[in-house]
Every structure is written in structure tokens, then in C-alpha cells.
Amino acid sequence: MATDQLAPDRHAIAIGTDRAADRPALHAATWVVWAIAAVVSVQLAPNVLYACVVLLVAVLVVETHGRRTGLARAFPIFIGIGVTFGLLRVVLTIATTHGLGTPLLTLPHVTLPRILGGFRVGGTIERQVLLQALADAFVVVVVIAVFGAWNAVVSHHEVLQSTPRAFHELGLVVTIALAFVPSTIAALRASREADRARTGGVIVRRGRLVRHAVPVLESGMERAVALAESMDARGFGHQPAGRGERFAAIGTLGGLLGFGGAFVALIGSADVAALISGTVGAVLLVAAIASASSATRRVRYRPRRLTALDARVIAIVLAAPIGLGILGLAGDHSLRYSPSEHGLPPFHPIVLVVLLALLVPVFVANPALRSDQA
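So, here's what we can say about the structure. (Residues numbered from 1 in each chain as written. Predicted model: local features only at pLDDT ≥ 70, side-chain atom pairs only at ≥ 80, totals over all residues. Heavy atoms only, no water.)

1. Description of the overall build of the protein
A count of helical and extended segments in the protein gives 15 helices and two strands. For the protein, buried positions account for 38% of its 374 residues. Contacts in the protein between residues far apart in sequence, at least 24 positions, make up 79% of those at least 6 positions apart. When the accessible surface of the protein is summed, it comes to about 22,000 Å², and 68% of that surface belongs to carbon and sulfur atoms. (Helix = DSSP H or I, 4+ residues; strand = E, 2+ residues; numbered from the N terminus. Buried < 20%, exposed > 50% of the residue type's maximum accessible area, 1.4 Å probe, protein only. Contact = heavy atoms within 4.5 Å. Areas by Shrake-Rupley, 256 points an atom, 1.4 Å probe, with all protein chains shown as cover.)

Right, dumping it as C-alpha cells:
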């Protein structure tokens, strides 16, 4: 079942680690703040040099606090997904953006019909466009790497415990959805071992894709059905909506209409109307969350509280985006890099010092690593 990926694996239990040793050193809320601070820092300073620093910080955090679960081992997979998305973005950008730099080569081109936009795909590939696309794609890779690092170090069980009661069902669904990567890896590994057993260890390449794809899809469907039966047996979503939940649904609808009205008012340059509509939408949304939380009878069992160490780590990592925001307001031009305008990326030592605040979790001892060394 997919939820099995959320628990420590059998090897961790076999080597004698207890529950206290396997508990993360930092609270899940601390890791959430760290991930948000890292992503905001990359957005405030999309210079490739500073993005490299954030990427190295993410790798060090995984090496120090990576948990021994299937989700934690999926960190390289998330980086591969980021690289794939980045390369796809580069290809689409250089194939559809023209006339902005020095041509490097010319490819065959085709002009799409007017109903599809009427723009040209292919043609000249400009150097400045290619470099800018690579720089933007690298930022995408770093953002996904930060998410993968958070996924590798955080306790998903603790994340579910920390979410407001109104979002418990949504958090449970999202957490199960995140388990698709390690589940797929485990199914593929089992399929390869079964294939080697059938062939006596001889690698048979012909038809290998079908022999691996069919068992992976079949096991995925079996796990999905088993998970659905388990959730149905536990009464997930069987209770009818109560009075508070109906009020929350009406409040959510009103809040979304308020935000939609604010968006339309902003397009029409009606700032006062946008402010009023947005404020009403925010109030209704907060009231809906409070109403849904009060209507939920879920009881949290011994939730872990934030410690003084968590508070200190949160305060330090928040210094990174706050410091970058202050440097941006002060006019630090090194935060952004445009390959079409500059030769090498600019660098400022103060920005590096500010970004190193994200490295603070590395200096917090990991109890699981300490038990392994013992």
C-alpha cells in the first residue's frame, strides 16, 4: 500500500533503531519554513551563482538529515524531474523566441495556424535566448531540488499532525500522492529482479520495456485498489457534511468570488474596489477554515511541539529571504543575471553570507545518524 512508504523501512528496524532515534531532529514546521525560505531566496536572487549555492545547501541538508524511507531516497528522482522540465523549457523557448540576439544556427521551421497562435516554431537559434533559457531552467531545477530535499528530511506523519484540522483530508491525499515515486521505484526494482530470475541472470533486451511496464502498471493498480478499500473500511469521507462544514463550503465559495472580483477590479484599475473585494474574500476564507476546523472531530495523538532549537533555526533561516529583500530594495544589481546583457554572472560576498543562513540545519545533530555511528 502506498502509505507503507511513509513508515521507516524494515532495514532501519533491523539495525536496531528505536522510534526516538528515527524521529527527525527538527520539527516538520521548521522544515516547511526552511523550504519556503529557500524557494523565496531563489526567486529573489535568480542569479545562477546564488542558485548554485542554494542547490549545494539542499544537497548538504539531505546528506545530513535524509531519512531512511522510500520518500527520502527519491531525492535524485526529483532532481531528474527538474532537469527534464528544465530541458523541455529550454527547447520550447529557443524554438519559439526569435530576433533577440546573435544567430547560432538555423533549423527548419513551421508557422502554426492562426487558431493555434500563428507563431513560428523553429528557425534561427539565438545565443542570448539560449543562455537566458538555460539560466531560467537552472532556477527551476533548484526550486524542485529544494522541494525534493524537504521531502527527504521531513516526517510526513508529523506534517499531517501539524496541518489545521480543516486540511487533514487534503493533506492525507497529497501525502499519499507524493508516495508514487518510491512506490514506482520499488515496483520497477521487483520487476527487474523477477526478469533476471526468469532469464537465469542473462540480460535479454528484446521486449524488456513491455516486461517491465506491465508489472509496474499492474502493481500500481493493485496498490490503488487496496488503498481505496482500506480508506473505505476506515470510513474515510463517509460522514455526512455537518452544519459547520456546510458553512465552510459557502464561505469558501464566497471567498473565491471575492478574490475573483478583486482580480477583475485590478484589471479595470479600480484599486478601491479590488481592496474591498479582496478583504471580504480573505475574511470569508479565514472564517471557512475556522468553521471547518471546529467541525472536524479528529484528535491528534501526542503531537510534538516546537522546541527552542526549532525557534532558533526558524529565526536564522528567515534571515535569508529577509536579507535578500533588503538588498534588493537597496539596489543590489548582482541578485539578477541576464546573459544577454552581461558576460559572467555578478557576485557579491554579502549575498553569499545571507544565503549561508539556509545552511543552519546542517549544524543540528541528526539522532538517526548518531545511532548508526553507535
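2. Comments concerning the packing of aromatic side chains
In the structure shown here, the tally under the stated rule is four aromatic pairs. With centroids separated by 5.5 Å and ring planes inclined at 80 degrees, the aromatic side chains of F78 and F147 adopt a geometry described as edge-to-face. In this pair, F78 sits in helix α5 (residues 75-96) while F147 sits in helix α6 (residues 127-153), placing the two residues 69 residues apart along the sequence. Site record: aromatic cluster; members linked through ring pairs are F78, F147 and W150. (Phe/Tyr/Trp six-rings, centres within 6.5 Å; stacked < 30°, edge-to-face > 60°.)

3. Observations regarding the nonpolar core
Counting residues in each nonpolar core, the largest one holds 45 residues, and the members touching the most others are W31, W34, V54, L324, L355 and L358. Per-element accounting of this core gives the leading share, nine residues, to helix α4 (residues 48-65). The residues touching W34, leaving out its near neighbours within four places in the chain, are V57, A58, V61, V146, A149, W150, V317, L358 and P361. Membership of the second largest hydrophobic core comes to six residues, among which are I125, V129, A133 and A137. (Core = buried A, V, L, I, M, F, W, Y, C linked by side-chain atoms within 4.5 Å.)

4. Regarding helix α3 (residues 28-44)
Over its 17 residues, α3 extends 24 Å from the first C-alpha to the last, a length consistent with the 24 Å expected when each residue adds 1.5 Å. Looking at α3, one finds that the buried residues are A28, T30, W31, W34, A35, A37, A38, S41 and V42. Structurally, α3 contributes buried residues whose contacts are with α4, α6, α7 (156-162), α13 (308-329) and α14 (349-355). (Expected span 1.5 Å × (residues − 1).)

5. Overview of the packing of α4 against α6
One can describe the packing of α4 onto α6 by two numbers: an axis separation of 9 Å at closest approach and a directional angle of 20 degrees. By the angle class used here, α4 and α6 are roughly parallel. The two elements α4 and α6 cross, and the hand of that crossing is left-handed. Across the interface between the two elements, V48, A51, C52, V54, L55, A58, V61, V62 and H65 of α4 pack against A135, F138, V142, A145, V146, A149, A152 and V153 of α6. Of the residues belonging to the contact of α4 with α6, the class tally is 16 nonpolar, one polar and no charged. (Axes fitted to C-alpha atoms, helices over the stretch in contact; angles between N-to-C directions. Parallel < 35°, antiparallel > 145°, perpendicular 65-115°, else oblique. Left-handed = near helix turned anticlockwise from the far one by under 90°. Nonpolar A, V, L, I, M, F, W, Y, C, P; charged D, E, K, R; others polar.)

6. Focus: a positive patch on the surface
A grouping of R189, R192, R196, R205 and R208 is seen on the molecular surface, where their side chains present a positively charged patch. No other element matches the three residues that helix α9 (residues 180-199) contributes to the positive patch. Within the fold, R205 resides in the loop between α9 and α10 (208-233). With a relative accessible area of 62%, R205 lands in the exposed category. (Patch = residues over 30% accessible without salt bridge, like charges linked within 9 Å, V, L, I, M, F, W, Y side chains within 5 Å. Salt bridge = Lys/Arg side-chain N within 4 Å of Asp/Glu carboxyl O. Lys, Arg positive; Asp, Glu negative; His and termini not counted. Charge placed at Lys NZ, Arg CZ, Asp CG, Glu CD.)

7. What to know about the environment of L55
Examined against the element boundaries, L55 turns out to sit in helix α4. The sequence separation of L55 and V143 amounts to 88 residues, and the corresponding C-alpha distance is 8.5 Å. Apart from residues no more than four positions distant in its own chain, L55 is found in contact with F138, V142 and A145.

8. Considerations on a nonpolar patch on the surface
The grouping of V32, I36, V40 and L44 at the surface amounts to a nonpolar patch, some 270 Å² of accessible area in total. For V32, the position within the fold is in helix α3.

9. Topic: the pattern of salt bridges
Applying the stated criterion across every chain, the model contains three salt bridges. One salt bridge in this structure joins D195 and R198, with 3.4 Å as the shortest N-O distance. Remark: R198 and D195 occur in helix α9; sequence separation between them is three residues, near one turn of the helix. Members of the salt-bridge network, linked through shared partners, are D195, R198 and R211.

Shape is all these values report; function is a separate question.
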